[in-house]
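A closer look at the structure
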Amino acid sequence: MEPTTAGDRCQAVLDRVSDAVIADDAFLSTVLTGVLSRGHVLIEDVPGTGKTLTARTLAETLGLSFSRIQFTPDLLPTDVTGTHIFNEQANTFEFNEGPVFANMVLADEINRAPPKTQAALLEAMGEGQVTVDGDRFDLPEPFFVIATQNPVEQEGTFPLPEAQLDRFIIKTEMGYPGTEGELELLNRREQRDMKIPTAETQLTPDEVQTLQQVPEQITVTEDLKRYMIQLTQATREDNRTNIGVSPRGLQRLYEASRARAVMLGRDYVTPEDVQQLAQPVLAHRLVLETEAKVENVSKADIVDNVLQRVSVPGAETGGGS
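If you're wondering where the values come from, they're calculated on a predicted model, not measured in any experiment.

Another point: the pattern of salt bridges. Using the criterion set out here, one finds 15 salt bridges in the structure. One salt bridge in this structure joins arginine 226 and glutamate 222, with 3.0 Å as the shortest N-O distance. Of the two residues, arginine 226 and glutamate 222 are both situated in helix H9 (residues 222–237); the distance of four residues between them amounts to about one turn of the helix. The class for arginine 226 is partly exposed, based on a relative accessible area of 49%. Residue aspartate 273 pairs with arginine 260 through a salt bridge whose shortest N-O separation is 2.5 Å. A residue pair is termed long-range when its members are at least 10 positions apart, and aspartate 273 in helix H11 (residues 271–282) and arginine 260 in helix H10 (residues 247–263) qualify at 13 residues.

Written as structure tokens, this is what we have:
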């Protein structure tokens, strides 16, 4: 599939999702960038903004199977992955698949479950498989996790460790809809029996996998590669960070930038692609120094500062011509 065709297909998906979900176009594009990059997305926002509806609608539009896991303090790892059940008739143990066996999995309020249960997703997100009682089971393809967490109610929660945060290619916020968006929400609820809008299916799982291969065709000049490297190195050298962006984070920025180019119908990456994705791809990978935490320094501020300090390649180097 050519990048221009892939861009048209992505826009069709975004158009259908926005028919059902009241959300900022940039937010929906960022989430779809995660899908196209074969990564996973973490959404941190307050309740009631439509995170669950967004995930379900995106799955419907992409033609993917969908599963929602409500993470709670008493959730066990086997509640996520599945477990072996004894079949008395066959006198054998049979594996009963857990809710993680879906193309798109919504891990709702992931930070409410204990670390052992959170870790049950690590292998699935990193390897596309789960291991239960020594037996390995492959997950369906494509496989994609959207996790959510609430930033305001921190009591009784278990913050995600850096190793698991690093598994998410993108961390973003949905935000509140604007005035017109909230008016549309009220209009949709004017009748109590009005059905929640649904989106039409635009793709099949096979077509989604084909789309995920298109970024491999995208040109990234050496100047832009060096630009990405300089950005990530600058986060490590900043005296406010204890740990900067890892080489894995650098690769994720590269992959996400190529995916954004595809979504815009281009066969090359521009500096703007890198800049637009720097915050959602890099910020959550930073570990701040204690002094920076005390002074309430935000990770977003550090990434903004890095973007301002690192020289941007000239426009002529980003055209891929």
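Put simply, the largest pocket is a space of about 980 Å³. Forming the boundary of the largest pocket are 34 residues, of which Lys171, Thr172, Glu173, Gln279 and Pro280 lie nearest the centre. Every element with two or more residues in the lining of the largest pocket is listed here: helix H1 (3–20), helix H2 (25–36), helix H6 (162–165), strand S9 (170–172), H10, H11 and strand S11 (287–288). Its residues placed into classes, the lining of the largest pocket shows 15 nonpolar, twelve polar and seven charged. Computed from the structure, the second largest pocket encloses a volume of approximately 550 Å³. Arg38, His40, Met125, Gly126 and Phe143 are, among the 23 residues lining the second largest pocket, the residues nearest its centre. At the level of elements, helix H5 (115–127), helix H8 (205–213) and H10 are the ones that each hand at least two residues to the lining of the second largest pocket. Ranked by residue count, the leading element in the lining of the second largest pocket is H5, at four residues. Here the lining of the second largest pocket is composed, by residue class, of seven nonpolar, eight polar and eight charged.

The biggest cluster of nonpolar side chains holds 61 residues, and the ones touching the most others in it are Leu32, Leu58, Leu62, Met104, Ile146 and Val274. If near-sequence neighbours (up to four positions away) are discounted, leucine 62 is found in contact with Val13, Val35, Met104, Leu203, Thr204, Pro205 and Val208. Counting 24 residues, the second-largest nonpolar core is a separate cluster that includes Leu75, Ile110, Val145 and Phe168.

It is worth spelling out the side chain of threonine 235 at this point. Mapped onto the fold, threonine 235 is located in helix H9. In contact with threonine 235, other than residues within four places in its own chain, are Thr241, Gly244, Val245, Leu286 and Val306.

Taken in spatial order, the five strands line up as S2-S5-S8-S1-S9 in an open sheet, and their pairing is parallel. In the strand order of this sheet, the two ends are held by strand S2 (66–70) and S9, each with one partner. Between one strand axis and the next, the sheet turns through 15 degrees on average, direction left out of account. Examined bridge by bridge, strand S1 (residues 41–44) and strand S8 (residues 144–149) share four bridges and lie parallel to one another.

An ideal rise of 1.5 Å per residue puts 24 Å on 17 residues; H10 measures up with 25 Å between its terminal C-alpha atoms. Here H10 has its buried residues at Gly249, Leu253, Ala256, Ser257, Arg258, Ala259, Arg260, Ala261, Val262 and Met263. Its buried side turned inward, H10 meets H1, H2, H9 and H11. Directly after H10, the chain includes glycine 265, whose backbone phi takes a positive value near 75 degrees.

Moving on to the packing of aromatic side chains. Each aromatic ring pair is characterised by the separation of its centres together with the angle its planes make. The full count for this structure, using the stated rule, is three aromatic pairs. Here the aromatic rings of phenylalanine 95 and phenylalanine 101 are separated by 5.8 Å at their centres, their planes lie at 65 degrees, and the arrangement is edge-to-face. An aromatic cluster is built from Phe95, Phe101 and Phe137, whose rings are joined through pairwise contacts.

The subject of this paragraph is the packing of H1 against helix H3 (residues 51–62). Angle between the axes and distance between the axes are the two parameters that describe a pair of packed helices. Contact geometry of H1 with H3 gives a least axis separation of 9 Å together with a crossing angle of 140 degrees. Classified by the angle their axes make, H1 and H3 are oblique. For the element pair H1 and H3, the recorded crossing hand is right-handed. Across from Val13, Arg16, Val17 and Ala20 in H1, the residues of H3 making contact are Leu53, Thr57, Leu58, Thr61 and Leu62. Residues belonging to the contact of H1 with H3 are distributed by class as follows: six nonpolar, two polar and one charged.

What counts as what
- Residues numbered from 1 in each chain as written.
- Predicted model: local features only at pLDDT ≥ 70, side-chain atom pairs only at ≥ 80, totals over all residues.
- Heavy atoms only, no water.
- Salt bridge = Lys/Arg side-chain N within 4 Å of Asp/Glu carboxyl O.
- Helix = DSSP H or I, 4+ residues; strand = E, 2+ residues; numbered from the N terminus.
- Buried < 20%, exposed > 50% of the residue type's maximum accessible area, 1.4 Å probe, protein only.
- 1 Å grid on protein atoms, 1.4 Å probe; cavity = no way out; pocket = protein on both sides within 12 Å on 5 of 7 lines; lining within 4 Å.
- Points joined across faces, edges and corners; volume = space filled by probe spheres on them.
- Nonpolar A, V, L, I, M, F, W, Y, C, P; charged D, E, K, R; others polar.
- Core = buried A, V, L, I, M, F, W, Y, C linked by side-chain atoms within 4.5 Å.
- Contact = heavy atoms within 4.5 Å.
- Pairing = 2+ DSSP bridges.
- Axes fitted to C-alpha atoms, helices over the stretch in contact; angles between N-to-C directions.
- Expected span 1.5 Å × (residues − 1).
- Phe/Tyr/Trp six-rings, centres within 6.5 Å; stacked < 30°, edge-to-face > 60°.
- Parallel < 35°, antiparallel > 145°, perpendicular 65-115°, else oblique.
- Left-handed = near helix turned anticlockwise from the far one by under 90°.

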